[in-house]
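For reference, the chains in residue letters:
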Amino acid sequence: MKRNSELIFFSKWFASPLRVASITPSSTPLARAMASALPVGDGTVVELGGGTGPITHALLEAGVRSDQLVVIERDAQFCNHLVRRFPGVVVRHGDALDLVTLMEDLAVNTPVRAVVSGLPLLSMSSAAQEQLLQQALRLTGGTGPLIQFSYGLASPLRKRVVQRLGLVDRCVAQVWRNVPPAKVWTYACLTPYPASRQAQGGGVSP
Ligand SMILES: C[S@@+](CC[C@H](N)C(=O)[O-])C[C@H]1O[C@@H](n2cnc3c(N)ncnc32)[C@H](O)[C@@H]1O
């Protein structure tokens, strides 16, 4: 399964490097570091950009029930792979920027426990980042967290987006045993992000 995942991943990266943004799937140490950042508790976990599923696997291994895990992935072949690999997990084919719409017809109790993202945030405009974060905050009841990995040195969410949304960004893990080495970031609001502003959409120029 691992070899198969790597081959699919590499062929997707080869066809579309910017959309996939990594040459190989996340390593087990990185996937486990992401799962370790989950807040204690119960409830649905939403994963964005599941790829071939290393983080999905780590979330299940960390005790998230398969019927409490929703994975959103834009690539159809990755979706088919995820469905076959993780029976019981809800896999939605679509753009994470339509997060709330994609979740609408699922009988998911909100707030969700966390949104866990493998999306290439660094290649998104500020407006797209803000649109994504607003929806993630809406699902989590206005506080978060969004858990995100990044290969960069600094936070992948732009400072002005962090400030506009009143978020606290924290680097919670540095994973050297990943190629390339990666950091795990969490974004959360200390006070719930106002529902009125959650409904307004973006506002930051790209
Ligand atoms: C860096 S890969 C991470 C894959 C996997 N989570 C891992 O850690 O190996 C990014 C993934 O996000 C998906 N993706 C990129 N943009 C997306 C979007 N706007 N909505 C949903 N999925 C997206 C890509 O197809 C790819 O599977």
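Please refer to the structure higher up on the page.
Presented here is an overview of the structure given in this document.

Conventions and cut-offs
- Residues numbered from 1 in each chain as written.
- Predicted model: local features only at pLDDT ≥ 70, side-chain atom pairs only at ≥ 80, totals over all residues.
- Core = buried A, V, L, I, M, F, W, Y, C linked by C-beta atoms within 7 Å.
- Buried ≥ 20, exposed ≤ 12 C-beta atoms within 10 Å, placed from the backbone.
- Contact = placed C-beta atoms within 7 Å.
- Near = placed C-beta within 6 Å.
- Nonpolar A, V, L, I, M, F, W, Y, C, P; charged D, E, K, R; others polar.
- Helix = DSSP H or I, 4+ residues; strand = E, 2+ residues; numbered from the N terminus.
- Right-handed = clockwise from strand over helix to strand, strands pointing away.
- Pairing = 2+ DSSP bridges.
- Axes fitted to C-alpha atoms, helices over the stretch in contact; angles between N-to-C directions.

A short note on the nonpolar core
Working step 1: One finds M34, L59, V115, V116, L133 and A136 to be the most contacted residues of the largest nonpolar core, which totals 45 residues.
Working step 2: Contact partners of L59, with chain neighbours within four places excluded, come to A35, V45, E47, V64, L69 and V116.

Things to note about the site of the ligand
Working step 1: Among the 23 residues in the neighbourhood of the ligand, the closest are listed as S26, G49, G51, A96 and G118.
Working step 2: Within the shell around the ligand, the residues separate by chemical class into 12 nonpolar, 6 polar and 5 charged.

Focus on the pairing of strand β5 (residues 146–150)
The two faces of the sheet receive side chains in turn, since in a regular strand these alternate between them.
Working step 1: Most of β5 is tucked away: 4 of the 5 residues are buried.
Working step 2: In this fold, the crossover linking strand β4 (residues 114–117) to β5 by way of helix α7 (residues 126–139) has right-handed handedness.
Working step 3: Summarising the sheet, β5 and strand β7 (residues 182–189) pair through 5 bridges and their orientation is antiparallel. From the neighbouring strand, S150 faces β7, where its bridge partner is K183.

A closer look at the sheet that holds strand β2 (residues 69–73)
Working step 1: On the basis of which strands lie adjacent, the open sheet formed by 7 strands has the order β3-β2-β1-β4-β5-β7-β6 and mixed pairing. Looking at the sheet topology across the chains shown, the edges are occupied by β3 (90–93) and β6 (167–175). Across the sheet, the mean angle from the axis of one strand to that of its neighbour is 20 degrees, orientation sign disregarded.
Working step 2: In this sheet, β2 lies alongside strand β1 (residues 45–48) in parallel orientation, the contact comprising 4 bridges. By the bridge assignment, E47 is partnered in β2 with V71.
Working step 3: Together, β2 and β3 form the strand contacts of helix α5 (residues 76–85), whose direction differs from that of β3 by roughly 170 degrees.

Quick look at helix α4 (residues 54–61)
Working step 1: Of all the 8 residues making up α4, 6 are buried; the element is thus mostly covered by neighbouring parts of the structure.
Working step 2: Buried residues of α4: P54, I55, T56, H57, A58 and L59, and no others.
Working step 3: Of the surrounding secondary structure, the elements contacted by the buried residues of α4 are α3 (28–36), β1, β2, α5 and β4.
Working step 4: The first or second residue beyond α4 is G63, which carries a positive phi of 110 degrees.

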